[in-house]
Amino acid sequence: MNSITEHDLPDHERPVKISIRNIYKVFGERPEKALNLLDAGKTKKEIHAATGCTIGVNDASFDIRAGEIFVIMGLSGSGKSTMLRLINRLIEPTSGTIEIDGRDVTRLSRSELIELRRHQISMVFQSFALLPNRSVLDNAAFGLEVAGVNEADRNQRARAALRAVGLEGHDESRTDQLSGGMKQRVGLARALAAEPDILLMDEAFSALDPLIRTEMQDELVRLQAEHSRTIVFVSHDLDEAMRIGDRICIMQNGEVVQVGTPDEIVLKPANDYVRSFFRNVDVSQVFRAGDVARKTQVTIIERQGMSAAAALERMEHFDREVAIILGRDKTYHGMVSRASLIDSAGKGASDPYKRAFLPDIEPIPAAESLSNVLGKVASSTWPVPVVDDGNRYLGSISKSVLLETLDRTA
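Residues numbered from 1 in each chain as written. Predicted model: local features only at pLDDT ≥ 70, side-chain atom pairs only at ≥ 80, totals over all residues. Heavy atoms only, no water.

(A) Expanded view of the overall build of the chain. When you go through the chain residue by residue, the secondary structure sums to 18 helices and 16 strands. Projected onto its principal axes, the C-alpha coordinates of the chain cover approximately 85 × 60 × 40 Å. Within the chain, the proportion of its 410 residues that are buried is 48%. For the chain, long-range pairs separated by at least 24 residues make up 65% of all intrachain contacts whose partners lie at least 6 apart in sequence. (Helix = DSSP H or I, 4+ residues; strand = E, 2+ residues; numbered from the N terminus. Buried < 20%, exposed > 50% of the residue type's maximum accessible area, 1.4 Å probe, protein only. Contact = heavy atoms within 4.5 Å.)

(B) Spatial organisation of the sheet that holds strand S4 (residues 95-100). The strand order S2-S1-S4-S5 describes an open sheet built from 4 strands, whose pairing is antiparallel. The strands lining the two open edges of the sheet, one partner per strand, are strand S2 (54-65) and strand S5 (103-104). Bridging between strand S1 (residues 16-27) and S4 involves 5 bridges; their strand directions are antiparallel. In the sheet register, Tyr24 faces S4, and the bridge partner there is Ser95. Packed on one face of the sheet, helix H3 (residues 80-87) meets S1, S2 and S4 and runs near 120° to S1. (Pairing = 2+ DSSP bridges. Axes fitted to C-alpha atoms, helices over the stretch in contact; angles between N-to-C directions.)

(C) Main features of unusual backbone geometry. Phi is positive for Asp59, which is not a glycine, with a value near 55°. Mapped onto the fold, Asp59 is located in strand S2. Of note, the phi angle at Asp360 is positive, near 65°, even though the residue is not glycine. You can see Asp360 is positioned in the loop between helix H16 (352-356) and strand S14 (364-365). Residue Asp360 is classed as exposed on the basis of its relative accessible area of 77%.

(D) Here's a closer look at the packing of helix H14 (residues 308-317) against helix H15 (residues 338-346). Two elements in contact, H14 and H15, have axes separated by 10 Å at closest approach and are oriented at 160°. Classified by the angle between their axes, H14 and H15 sit roughly antiparallel to one another. Crossing geometry of H14 relative to H15 is assigned as left-handed. Mapping the contact onto sequence places Ala308, Ala311, Leu312, Met315 and Glu316 in H14 and Arg338, Leu341, Ile342 and Ala345 in H15. (Parallel < 35°, antiparallel > 145°, perpendicular 65-115°, else oblique. Left-handed = near helix turned anticlockwise from the far one by under 90°.)

(E) Representation of the packing of aromatic side chains within the structure. A full pass over the atoms with the stated rule returns 2 aromatic pairs. Their ring planes at 15° and their centres at 5.3 Å tell us that Phe62 and Phe70 sit as a pair that is stacked. In terms of burial, Phe62 and Phe70 fall into one category: buried. Relative to Phe233, the ring of Phe205 lies with its centre 5.5 Å away and its plane at 55°, an arrangement referred to as tilted. Highlighted residues: Phe205 in the loop between strand S7 (198-202) and helix H9 (210-226) and Phe233 in strand S8 (residues 230-235), separated in sequence by 28 residues. Here Phe205 and Phe233 have matching classes, each one buried. The ring of Phe27 carries the charged tip of Lys25 above its face, separated from the ring centre by 5.2 Å. (Phe/Tyr/Trp six-rings, centres within 6.5 Å; stacked < 30°, edge-to-face > 60°. Lys NZ or Arg CZ within 6 Å of the ring centre and 35° of its normal.)

(F) Molecular detail of the UniProt feature "domain: ABC transporter" (unreviewed entry) in the chain. What UniProt calls "domain: ABC transporter" (unreviewed entry) maps, in this numbering, to residues 35-278. Helix makes up 43% of residues 35-278 and strand 21%, whereas the separation of the span's terminal C-alpha atoms amounts to 32 Å. (UniProt positions renumbered as here; feature names shortened; annotations may be inferred.)

(G) Broad picture of the sheet that holds S7. Ordered in space as S6-S7-S8-S3-S9-S10, the 6 strands form an open sheet in which the pairing is mixed. The sheet is open, and its two borders are formed by strand S6 (121-124) and strand S10 (255-260), each paired with just one other strand. Direction aside, neighbouring strands of the sheet carry axes that sit 15° apart on average. Relative to S7, S6 is paired through 4 bridges, and the arrangement is parallel. Looking at S7, one finds that Val124 is bridged to Met201. Where H9 meets the sheet, it contacts strand S3 (69-73), S7 and S8, and its direction lies at approximately 160° from that of S8.

(H) View of the nonpolar core. Counting residues in hydrophobic clusters, the biggest one holds 61 residues, and the most contacted among them are Leu188, Met201, Phe233, Ile250, Phe278 and Ile397. When residues of this core are assigned to their parent elements, the largest contribution, 6 residues, is made by helix H8 (residues 180-193). Leaving out residues up to four positions away in the same chain, Ile397 has contacts with Ala289, Val292, Ala293, Leu370, Val377, Pro383, Val384, Val386 and Leu402. In this structure, Ala60, Phe62, Ile87 and Leu200 belong to the second largest nonpolar core, which totals 28 residues. (Core = buried A, V, L, I, M, F, W, Y, C linked by side-chain atoms within 4.5 Å.)

(I) Molecular detail of the pattern of salt bridges. Within this structure, the stated rule accounts for 21 salt bridges. Between Asp388 and Arg392 there is a salt bridge, with its nearest N and O atoms 3.0 Å apart. A relative accessible area of 40% places Arg392 in the partly exposed class. The network of salt bridges with shared partners includes Arg185, Glu219, Arg222 and Glu226. (Salt bridge = Lys/Arg side-chain N within 4 Å of Asp/Glu carboxyl O.)

(J) Representation of H14 within the structure. Those residues of H14 lying buried are Ala308, Ala311, Leu312 and Met315. With its buried residues spanning 100° around the axis, H14 presents them on a single face. H14 presents Ala309, Glu313 and His317 as exposed residues on the side facing more than 90 degrees away from its buried surface. Positive backbone phi, at 55°, marks Asp319, one or two positions downstream of H14. (Arc of directions from axis to C-beta.)

Pasting the structure below:
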């Protein structure tokens, strides 16, 4: 039996891994005065003119759940990379708290912070940051070498990490023999070799060409499915954020303006800045079938003694041409129409529902991308049912619902 990982849990059941509360970062020599001016309602520009200080992060508060890919995004200067580096204190916060598993990182001693970075947090940068005079294996094992791990153990772990990112057999290759995508895989393997709980990724795929970048995004999602970690991923690219992110944090001028799932942000953007990001989003790539399914169809519980006549009366009462037949446990059995029920009843069938099921109506899995079901819904005469992993009925998608969804961000 496969063990359940944190990534398998519903969002609301995952424990908080990283808790960020009222974090400020002021760059400059007069941070106290800058914060006072900020409290007085002055703008970043006014504060810089008065103090020479720059507000990098302004009162950021949010939680990151265990096992999720949490994407921080925003325009240049929004504070996203600063926020990432505050988590492992590559940049020191001016005030506020950052807790990892309930432990306040801002209060750690230098030695405790080094231990945290060596054993719990790894980081992948945009630049590959590989050592040109070392082999692929030695680059992947470099962090472990610095941490004092013996050669046999670090090479074993580095080989396992290289195998995980698809670089098995390249141990002795020189880094200058690798493509850009392969170099970034080495950088990722070096981070994974430390077996971290938390992976921080700063524009990690931005230097890659579009095709390789997509491959690396897919690789990250695959690795996450195999070994769930808490990943904090900084990006300025909306498509990337939507592709890999369980939740997205939007930053503007150092402030967190919205945190939510991709579909939550698409449907209810917090302000015009967020709305501008998502204005031209292809929502068919964002939503899953379960996100848009609606329980507007008549449902009938299949049980002994329930006649076709009773079902027809219910359908007529709600003015519906079709009905969904369910078991007592809400599992999907099939779909019937008025005509098919009348025909089945007229033939004296002992099981009027089963004989009345409409052919070629296959339910859609809730996790299916909406883009993959457009054709099925568009070509179906009737609304298409949607079911969860246990074949329980969640609702149906009609042509009108589909068109309304696709038109939401127009």
